[in-house]
Amino acid sequence: MPGARQDSRSLACLLLVAASCAFSALAILRDPLVSDEGILQLVMAETIRARGLDAALAISSWPAYALLLAGTQWLTGLSILASAHLLDTALLALLALGFARLLELLGTEHRFYWWGALVLLLFPPLNGFRSQVVPEAGFWAFLVLSLVPLARYLLTRRWQHAIAFAALNAVAGAFRPEAFVFGAILPLACFARGVEAPRFEAAVRLYAVLAAFALLPLLAASRVGL
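Residues numbered from 1 in each chain as written. Predicted model: local features only at pLDDT ≥ 70, side-chain atom pairs only at ≥ 80, totals over all residues. Heavy atoms only, no water.

The next point concerns helix α8 (residues 136-156). Between its terminal C-alpha atoms α8 stretches 31 Å, which fits the 30 Å expected from 21 residues at 1.5 Å a residue. The element α8 is extensively covered by neighbouring structure, given that 15 of its 21 residues are classed as buried. R157 occupies a position one or two residues after α8 and carries a positive phi of about 60 degrees. (Helix = DSSP H or I, 4+ residues; strand = E, 2+ residues; numbered from the N terminus. Expected span 1.5 Å × (residues − 1). Buried < 20%, exposed > 50% of the residue type's maximum accessible area, 1.4 Å probe, protein only.)

Now the structure itself:
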């Protein structure tokens, strides 16, 4: 029944988020390591709170994570380090949800769906982020989330899915510029089975949306003189 399947899907997502948060909490309690990159992000976030974004841009030209961190501290009232751990925990839970949704869209069987979720939770490089303060958490979360509307677009060719993919890819690119390379290469999947007119038009449409979103960070960079 549709209602039962929906309830089962919601319960699975809730369990996956809870498991991801539990893994993060255990990692933080066991080894709350802050790398050099993490220290830089903490300093940038405190600079944003104290002196504004312009001052933080003098430290680094990629302030997306620090902006989110400053906002998290402002909302929660926690220390800057506790806010960072809370933000990373939320971003990694978002990554888990995006991965699970992608598996569902790819038609993964129920038993393999759970195995895939377990592999993600136990993936060593990912778990290495859980106790650190790194922008990679945001990069991977939004990069994986962007695959969901891309998979939908390849099936439906609808504008809203192209826009959602470009928007999420741009957010991932705000954390790490490698996302823009990923976004530029991946739409070639539209040509996977030939270059007949419908596929060619779909690819051109998707690239046009990506180009429009790519202009936004370029305009922002030129505005602040980067």
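From this point, the narrative continues.
One pass over the full model with this rule turns up two aromatic pairs. Centre to centre, the rings of F139 and W140 are 5.2 Å apart; their planes meet at 70 degrees, and the pair counts as edge-to-face. Residue F139 is classed as buried on the basis of its relative accessible area of 7%. Judged by its relative accessible area of 38%, W140 falls in the partly exposed class. Aromatic side chains F142 and F175 sit 5.9 Å apart centroid to centroid with 15 degrees between the ring planes, which places their arrangement in the stacked category. One end of the pair, F142, is in helix α8; the other, F175, is in helix α9 (residues 159-175), with 33 residues separating them in the sequence. Take F175: its relative accessible area is 7%, and that puts it in the buried class. Against the face of W159 rests R205, its NZ or CZ located 5.5 Å from the ring centre. (Phe/Tyr/Trp six-rings, centres within 6.5 Å; stacked < 30°, edge-to-face > 60°. Lys NZ or Arg CZ within 6 Å of the ring centre and 35° of its normal.)

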